[in-house]
Amino acid sequence: MKIFILFFLLFFYTSNLFAAESSTKSLPQHEWSFEGITGTFDRGALQRGYQVYSEVCSGCHSMKLLYYRDLIDIGFSEDQVKAIASEFTVIDGPNDEGEMFERDARPADRFVSPYLNDNEARANNNGAYPPDLSVITKAKKDGANYIYNLLLGYKDPPADMEVGEGMYYNIYMAGNQIAMPQPIYDESVDYADGTNNSAEQLAEDLVVFLTWAAEPELEVRKNLGIKVILFFIILGFIIFLAKNRLWREVH
Amino acid sequence: MSGPAEPKKYKNPVLNWIEFRLPIISYFEREYGDYPMPKNCNYFWSFGALATIILVVMIVSGIFLAMNYTPHTDMAFDSVERIMRDVNYGWLLRYIHSNGAAFFFIVIYIHILRGMYYGSYKYPRELNWILGVFIYLLMMATSFLGYTLPWGQMSYWGATVITNLFSAIPIIGEGLKTWLLGDYTVGNATLNRFFALHYVLPFVIFGVVALHVAAVHVHGSNNPAGIDIKSKGDTVTFFPYMLFKDALAVCAFGVLISAVIFFGPNLMAEVDNYIPADPLVTPAHIVPNWYLAPFYAILRAVPDKLGGVLLMFGAIAILFFLPWLDRSKVRSCNYRPMYKWFMMLFFVNFFILGYVGLKPAEGLYLLIARLGLIYYFGFFLIITPFINWIEKPKTLPASISDIYLGMNK
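Cut-off values and rules
Residues numbered from 1 in each chain as written. Chains lettered and ligands numbered in written order. Predicted model: local features only at pLDDT ≥ 70, side-chain atom pairs only at ≥ 80, totals over all residues. Helix = DSSP H or I, 4+ residues; strand = E, 2+ residues; numbered from the N terminus. Buried ≥ 20, exposed ≤ 12 C-beta atoms within 10 Å, placed from the backbone. Contact = placed C-beta atoms within 7 Å. Rg over C-alpha atoms; globule rule 2.2 N^0.38 Å. Axes fitted to C-alpha atoms, helices over the stretch in contact; angles between N-to-C directions. Parallel < 35°, antiparallel > 145°, perpendicular 65-115°, else oblique. pLDDT = per-residue confidence, 0-100. Expected span 1.5 Å × (residues − 1). Nonpolar A, V, L, I, M, F, W, Y, C, P; charged D, E, K, R; others polar. Core = buried A, V, L, I, M, F, W, Y, C linked by C-beta atoms within 7 Å. Left-handed = near helix turned anticlockwise from the far one by under 90°.

Trainee: Give a detailed account of the overall build of chain A, specifying residues and quantitative values.
Mentor: Within chain A, the secondary structure is distributed over seven helices and four strands. Considering chain A as a whole, with its 251 residues, one finds that 27% of them fall into the buried category. Partitioning the contacts of chain A with sequence separation of at least 6, the portion at a separation of at least 24 is 59%.

Trainee: So, the overall build of chain B: which residues are in play, and what are the values?
Mentor: When helices and strands are tallied, chain B shows 16 helices and two strands. A globule of 409 residues ought to have a C-alpha radius of gyration of about 22 Å, and chain B, at 24 Å, matches this closely. Along the first, second and third principal axes, the C-alpha atoms of chain B reach 70 × 60 × 45 Å. Scored against the burial criterion, the 409 residues of chain B give a buried share of 40%. Here the contacts in chain B between residues at least 6 apart in sequence split such that 76% fall between residues at least 24 apart.

Trainee: Residue-level account of the packing of helix α1 (residues 13-21) of chain B against helix α2 (residues 24-32) of chain B, with values.
Mentor: What describes two packed helices is the angle between their axes and the distance between those same axes. Residues and elements named next belong to chain B. For the pair α1 and α2, the least separation of the axes is 7 Å and the interaxial angle reads 95 degrees. By the angle between their directions, the pair α1 and α2 is classed as roughly perpendicular. Note on element contacts: α2 touches α1 through Ile 24, Ile 25 and Ser 26, opposite Leu 15, Ile 18 and Glu 19.

Trainee: Which residues make up the confidence of the model for chain A, and what values go with them?
Mentor: Here chain A averages 90 in pLDDT, while 90% of its residues score no lower than 70. The low-confidence segment residues 16-24 of chain A, where pLDDT is below 50, has three contacts with residues more than four positions distant or belonging to other chains.

Trainee: Lay out helix α5 (residues 90-117) of chain B with the relevant residues and their values.
Mentor: Residues that lie three or four places apart on an α-helix share one face, since the helix turns once every 3.6 residues. The end-to-end C-alpha distance of α5 of chain B, which contains 28 residues, comes to 40 Å, matching closely the 40 Å that a straight helix rising 1.5 Å per residue would cover. Looking one or two residues past α5 of chain B, Gly 119 of chain B carries a phi angle of roughly 65 degrees, positive in sign.

Trainee: Would you mind going over the interface of chain A and chain B in detail, with residue names and values included?
Mentor: Counting from both sides, the interface comprises 32 residues of chain A and, opposite them, 30 residues of chain B. Listing elements by their share of the side of chain A that touches chain B, those giving two or more residues are α1 (2-22) and α7 (218-247) of chain A. Ranked by residue count, the leading element in the side of chain A that touches chain B is α7 of chain A, at 16 residues. The class makeup of the residues in the side of chain A that touches chain B is 22 nonpolar, three polar and seven charged.

Trainee: Please give an account of the confidence of the model for chain B that cites residues and values.
Mentor: Residues and elements named next belong to chain B. Scored by pLDDT, chain B has a mean of 93; 98% of the residues are at 70 or more. Mean pLDDT across the elements of chain B ranges from a minimum in helix α16 (residues 400-408), with 76, to a maximum in helix α3 (residues 47-66), with 98. Of the two predicted TM-score estimates for the complex, the pTM is 0.92 and the ipTM is 0.92.

Trainee: Can you break down unusual backbone geometry residue by residue, with the values?
Mentor: Residue and element names in this part refer to chain B. Between Tyr 123 and the following residue, Pro 124, the backbone shows a cis peptide bond with an omega angle of 5 degrees. Here Pro 124 lies in the loop between α5 and α6 (126-148). Here the residue pair Phe 239 and Pro 240 is connected by a cis peptide bond, since its omega of 0 degrees sits within 30 degrees of zero. Within the fold, Pro 240 resides in helix α10 (residues 238-263).

Trainee: Account for the nonpolar core, naming residues and giving values.
Mentor: One finds Leu 50, Ala 51, Ile 54, Phe 104, Val 107, Ala 297 and Ile 298 of chain B to be the most contacted residues of the largest nonpolar core, which totals 86 residues. With 15 residues, α5 of chain B is the largest single contributor of residues to this core. Setting aside chain neighbours within four positions, we find Ile 54 of chain B in contact with Gly 100, Phe 103, Phe 104 and Val 107 of chain B. Counting residues in hydrophobic clusters, the runner-up holds 43 residues, among them Phe 41, Ala 105 and Leu 210 of chain A together with Ile 275 of chain B.

Trainee: Tell me about the packing of α6 of chain B against helix α9 (residues 188-219) of chain B, residues and numbers included.
Mentor: Residue and element names in this part refer to chain B. Two elements in contact, α6 and α9, have axes separated by 9 Å at closest approach and are oriented at 160 degrees. Relative to α9, the element α6 lies roughly antiparallel. The interaxial crossing formed by α6 with α9 has left-handed handedness. Partitioned by chemical class, the residues of the contact of α6 with α9 number 20 nonpolar, seven polar and no charged.

Trainee: Outline the environment of Glu 187 of chain A, supporting the account with residue identities and numerical values.
Mentor: Residue and element names in this part refer to chain A. As for its position among the elements, Glu 187 is in the loop between β4 (177-178) and α6 (199-214). Residue class for Glu 187 comes out exposed when judged on the 11 C-beta atoms lying within 10 Å of it. Linking Glu 187 and Ile 72, residues 115 residues apart in sequence, is a C-alpha distance of 27 Å.

Trainee: Tell me about α10 of chain B, and name the residues and values.
Mentor: Between its terminal C-alpha atoms α10 of chain B stretches 35 Å, which fits the 38 Å expected from 26 residues at 1.5 Å a residue. Among all positions in α10 of chain B, only Phe 238, Met 242, Lys 245, Asp 246, Ala 247, Leu 248, Ala 249, Phe 253, Ile 257, Ser 258, Ile 261 and Phe 262 of chain B are buried.

Trainee: Would you mind going over the environment of Gly 226 of chain B in detail, with residue names and values included?
Mentor: Residue and element names in this part refer to chain B. Looking at where Gly 226 falls in the secondary structure, it is placed in the loop between α9 and β2 (235-237). When the C-alpha positions of Gly 226 and Pro 397 are compared, they lie 9.8 Å apart, and in sequence the two are 171 residues distant. Apart from the residues lying within four places of it in its own chain, the contact partners of Gly 226 are Tyr 118, Gly 119, Val 330, Arg 331, Ser 332 and Tyr 335.

Structure follows, in structure tokens:
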């Protein structure tokens, strides 16, 4: 019987190895504030990250799943969100005359995409489609670290490597060739709050923002998780005492 | 049934009124109150109760998800994300449902392995075993259908690969595949019918589970010694003894599943499923859910498509015949010194098959899958029927109470 239990422990132990082994290349691990059982997002980093997204990424990458109203969650006031949204134009309609018309975006609108459709996006990017970034950190293995390293992974190609037309060398991209030119350099975004704007800092803030975009429920989830687990532990302990008392006479 | 027996009398007049017209009160009292359980049952006997609870949780969370889900190829992915973002506690519902499916299989696998190790499938519980395998089949179908619904890359390509298997059947294959899909390829018609079937199958499972439980209650539960109940002293009543034991198991399970739901909800998910389905882009590796992977390994271990499909379905079908393949009268592997080790090896082998099922079918992985395939069928067709020619089982204890007498000395 003991062997039986041992086997199951082994079973669960090795099933953990699964996840470890399936990641293709070992990524350098960065420390993130949202990791761990009490992880949270830093509001400052989130707002700076949004700035990096809107000044650098949003030229090519959409975030279709987000609404401007979502930005209230990262610490912008309602008026600020209204102001941010009004910088974008959406096509609405038809109006009473049956015409489509343009208007300023409102907080209840989704993030406006840089291109009208996928085909326009491809046509403007050498045929490569810039993926939507709404859930990008969940759509890649070890997403946060992957994006962070990818953004900083642009290097000169080794002498024996031919980099294709319109492609760039990146040590973390599968096949080492990526269609996206290096997006982030030192000082490519100026922070209003005077935070150091090295490439590493910009990439870190952006990844924090993208992780929030993919998992906006993360803080609530972890908070609730601790309570639920505590509930099961306490209830389990009471039942354990009752069960022992009950079974004492049986054996 | 020998006609209406004398109805039981209760103090509560409402209960009496119901009992007189439908003896359901005494039924529950008999089956879930006074029901005798062998007192030596260990915690492996709690997994049946756990599975039932998960089934209910899955059905309830699934109904609420369905209220917010749109089964259309253009909207399915976004509607799931809307559940995750804008529906109150929608993320919790969805993570409970997706991780619940994985844990359902973990629990069911332990439940099945327990049944195999302690010989619970043998006389007089053969029908019970068959119903159980039937539930397992329905679960696999349901989980496959459900995996299609979020309409991510793995949903689409998984559905494409699995439905393609039907085209391997000679003559009617292509027609059957088209009939199942409602189209020539996986598309909107497929998504609609998969959603309809995914909604209805759990209720079918629930019905078979009711039969499964009713059947086990006829002859009573098996136990780790695998011997029959001889006297009342061998048993404890379900209430309160087993109920408290099961409740403790539920709490322990609750801690485990909550850890995953709240702190690693995507650990068991494929990252590619967060990319919307794209029929023009094939993912590098199309992998099934890990709980179906052993059968996927068997499928790919065979170089011939039809042969692979036949062996894969054969691997499940052979489970139905286990009660008749095993010729030994001794139920529990604890008293079968040789078969016990072959049984353990079978479990390990099944796990290894699952592992290689998630890896690309080439080189060493393919070789391991083939060896695993041979042992899988060898276990059922050679070892199980013929081992009792050479195996000498240990002496069984005279009764369940005797086990404890020996221990106290």
